[in-house]
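# A structural walkthrough
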Amino acid sequence: MTMPTITRYPASAEQRRALAQMRITHSRAEEITRAFWLDGDVGTGALVRAITAVAARRDMLRAKLVVTGDTAVQEVHDQCAGVEIVPLPGGRAAFPAAAQAAAADPLTDRDTWFQATVFPADHGHGLLLRLHHSLVDGYSVGLVEEDLWAALDGTLRATDPPAFATRVTAREGGPAGEAWWREALRGCTPATVEPDVLRPGDALTVGSVPLDIPQDTAARVRALAAELRTTPLTVLLTAHLMTVAAFSGQDDVIAATPYLNRDAPGTRDLVGPLVNLLPIRATPTGPRLRDNVPAVAVGLRAALAHADVPYDRITAGSAHGGDGGYGPARTAIVLNPSPRPSVFDCGPLRVTLVELPSAGLRWDLVTTLQENNGALLYRADRYSAATARSVRDHFLAILADTHLDTPALPLPARPGAAVEGHLDRLRALLALEAFTDPAPVVRTGDTVLDRAAFLARVGAYQQVLRFLEERPRVALCLAAPAEQAAALLAVWRCAGTAVLLDPAHPAQRRETIARDAGVIAVLTEQPETA
C-alpha cells in the first residue's frame, strides 16, 4: 500500500481571515453539512468512485490546517482520506438520524477536514458531505456538488480545475487600506439584540425562523433600489442595520456582510475560502428606510473599494478585534445565490436535499436570503424563538414601508423594553431627600424598603464607590432588584455611569459586556450598612 504524501504550504490570506472569524479547535460552528437522498439505479461503488474523483480534483477536500500559536500551515494530502460506508437497514426514514450520528465528532479531529459518508439501503442511498469553512466557502460547496453530480452522470470535465494551495496569493490591501478601516471603525462598539434566555443551553444550538419576503414587498425593495441608484442588497442591508439599531437601543450600529471576492481570473472555478467579510457601520437617522439607504450605500461602496484588506487586518485596529474572531460585528446579513431545487434529476437518479440541524452559529443573529425567502438564524443559548420572530417581523415591517407614507414604526417588544418604564421612577429617587413620608418606596417580592432603609442601602454603595476615580463607570451584577436600584442611584449620585449585568447570564457573556463597556469595577455583593 502506498503511503500518502503530505505537502505543506503557508496558510493563505483567506485562511488567516477564516481563522480570525472562528476558533478552530474542537468547534462545530464552522462546519458546512450537506445531506442528500439518492433514488435510482446507482451502485455504492459507483457513488464512492464519483466522490473520490471529485476529491482528487479539489485539493481543499484533501487538506487540513495545522495551527500553532497565531500561525497556520496548510497540509494537503495527495490521496483522498476515504469514503465511509455505513449500511442503513432502516431505509430513508432512518437517514436523518444516521447522518447526524455520523457527523457527531468535529471535523478538526480528522486527518483531513472533509467527510463523505455513503449510507446504502434497500432502495436508494443516503449521502453526507461535511466541509470546513477555513478550507471552503459557501460558493465552493456549490462547485463541489456540481462536480459530484457531473461525475455521476458522466459529464465531469477532463481538465483539472485550479488548485487553491499552490495559487499565487491574491493581492492584499496595504497600509493605506488598513488605515482606512481603522478610521472607519474608530470608536465603534458591538451592537446586537439583547439576550433574553436566562437558562443558556448548548452554545452551538442554532434556532431558525422562516423569513419570507412577500412579492409586493420584494417589488418595493427593487423599485427603491432602482430609484436611489443602488442595489437590492444595499436596501436589505439598511433594513438589517435599522433592525439592529431598534433592538440594541444604539444609534451607531455595525453588521457584517460577505464579499464574494472572485473577480480575479480563474477564481470562479476555484474551491477555497475566498469570501471576505466587510463590517458596515451606520447611524440610522429615522424610521423610514428610504431616508437611511443613501448613507449605507456610500458606506458599502467605500468598504468595497477596500475589500482587498483581509478581515483579520480589517478588525486588527478595533478594540474588539480579538473578541472571538467577530471583530466589532455581532450580526450579519447574507444573500445566497439561488440553489438547485431541493429535488432534481441527475441522470437516472432522483436527488433530494435532506435538511439537517445546523452544527453551530458564531454570530448572534444572521439574516439569510435567497431570492424572496430565507431564514433568520439565531443562537438559541441567547434568544428565544419569540424574540427571533419579533426581530424578523420588524425587519419585514421596515421593508414594507419603503414606499408608504406612514408614521414612525413603533419600537417592537424586545428584551429589556419593560425596564424603560421603570427608569423614570428610578430617576425620581434622586430627589428622595425632599420627601419625609416614611411609606415604602421600594417593594420587590418579599423585600419592602421605606425611605430610610433605602437611603441606607444607597449610602452603603456610595461608601464603596468613593474609593474609585471621579465619574466612575461601574457594572452592577446584583440579583435583587432593590439592591440594583440602590446601587444604580449611588452611581448616579457619584456622577458615574452604570452598566447593568444579569447574574443569570453566562459568565463569559457578562465579562464580554463589561470589557466592551470599559468598566473599572463590578459590584456583585451587598455592602454592609452603617
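This text follows the structure it describes.
The structure reproduced in this document is the subject of the present report. (Residues numbered from 1 in each chain as written. Predicted model: local features only at pLDDT ≥ 70, side-chain atom pairs only at ≥ 80, totals over all residues. Heavy atoms only, no water.)

### Some remarks on the side chain of aspartate 147
Position of aspartate 147 relative to the elements: it lies in helix α4 (residues 138-153). Here the side chain of aspartate 147 touches arginine 58 through a polar contact of 2.8 Å, side chain to side chain. If we skip the residues at most four places from it in the chain, aspartate 147 touches Val54, Arg57, Arg58 and Leu156. (Helix = DSSP H or I, 4+ residues; strand = E, 2+ residues; numbered from the N terminus. Polar contact = N/O pair within 3.5 Å; in protein donor to acceptor, adjacent residues only side chain to side chain. Contact = heavy atoms within 4.5 Å.)

### Remarks on the nonpolar core
Buried together is how nonpolar side chains tend to be arranged in soluble globular proteins. Within the largest apolar cluster, 48 residues are counted, with the highest numbers of intra-cluster contacts made by Ile213, Val235, Leu236, Leu241, Leu289, Phe395 and Leu399. Broken down by element, this core gets its largest block of residues, 10 residues, from helix α7 (residues 232-248). Core analysis: the second largest hydrophobic core is formed by 40 residues, Val83, Val136, Val144 and Val351 among them. (Core = buried A, V, L, I, M, F, W, Y, C linked by side-chain atoms within 4.5 Å. Buried < 20%, exposed > 50% of the residue type's maximum accessible area, 1.4 Å probe, protein only.)

### So, the pairing of strand β4 (residues 71-77)
The element β4 is extensively covered by neighbouring structure, given that five of its seven residues are classed as buried. As paired strands, strand β1 (residues 6-10) and β4 are joined by five bridges and run antiparallel to one another. Paired with tyrosine 9 across the strands is glutamine 74, a residue of β4. Pairing geometry for strand β3 (residues 63-68) and β4, over six bridges, is antiparallel. By the bridge assignment, lysine 64 is partnered in β4 with glutamate 75. (Pairing = 2+ DSSP bridges.)

### Quick look at helix α3 (residues 95-102)
Within the span of α3, buried status applies to Phe95, Ala98 and Ala99. Down the axis, α3 shows its buried residues gathered within 100 degrees of arc, on one side only. α3 presents Ala97 and Ala101 as exposed residues on the side facing more than 90 degrees away from its buried surface. At its buried positions, α3 is contacted by β2 (31-39), β6 (114-121), β7 (124-132) and β13 (349-354). (Arc of directions from axis to C-beta.)

### A few points about the pattern of salt bridges
For the structure shown, the criterion picks out 20 salt bridges. In this structure, arginine 157 engages aspartate 269 in a salt bridge whose closest nitrogen and oxygen atoms are separated by 2.9 Å. Here the residue arginine 157 occupies a position in the loop between α4 and α5 (175-184), and aspartate 269 occupies one in the loop between β9 (253-259) and β10 (276-282), the gap between them amounting to 112 residues. Note that glutamate 183 and arginine 186 form a salt bridge whose closest N and O atoms lie 2.9 Å from each other. Here arginine 186 falls in the exposed class, since its relative accessible area comes to 54%. (Salt bridge = Lys/Arg side-chain N within 4 Å of Asp/Glu carboxyl O.)

### A closer look at the packing of helix α12 (residues 451-465) against helix α13 (residues 481-493)
Taken N-terminus to C-terminus, the directions of α12 and α13 make an angle of 55 degrees; their axes are 8 Å apart at the nearest point. Relative to α13, the element α12 lies oblique. For the element pair α12 and α13, the recorded crossing hand is right-handed. On α13, the residues touching Phe454, Leu455, Arg457, Val458, Tyr461, Gln462 and Leu465 of α12 are Ala482, Glu483, Ala485, Ala486, Ala487, Leu489, Ala490, Val491 and Arg493. Residues belonging to the contact of α12 with α13 are distributed by class as follows: 12 nonpolar, one polar and three charged. (Axes fitted to C-alpha atoms, helices over the stretch in contact; angles between N-to-C directions. Parallel < 35°, antiparallel > 145°, perpendicular 65-115°, else oblique. Left-handed = near helix turned anticlockwise from the far one by under 90°. Nonpolar A, V, L, I, M, F, W, Y, C, P; charged D, E, K, R; others polar.)

### Observations regarding the sheet that holds strand β18 (residues 473-476)
Taking strand neighbours across the sheet as the criterion, the three strands line up as β19-β18-β20 in an open arrangement whose pairing is parallel. One side of each edge strand has no neighbouring strand; the edge strands of this open sheet are β19 (497-500) and β20 (521-523). Between one strand axis and the next, the sheet turns through 30 degrees on average, direction left out of account. Inspection of the sheet shows β18 paired to β19 by four bridges, in the parallel sense.

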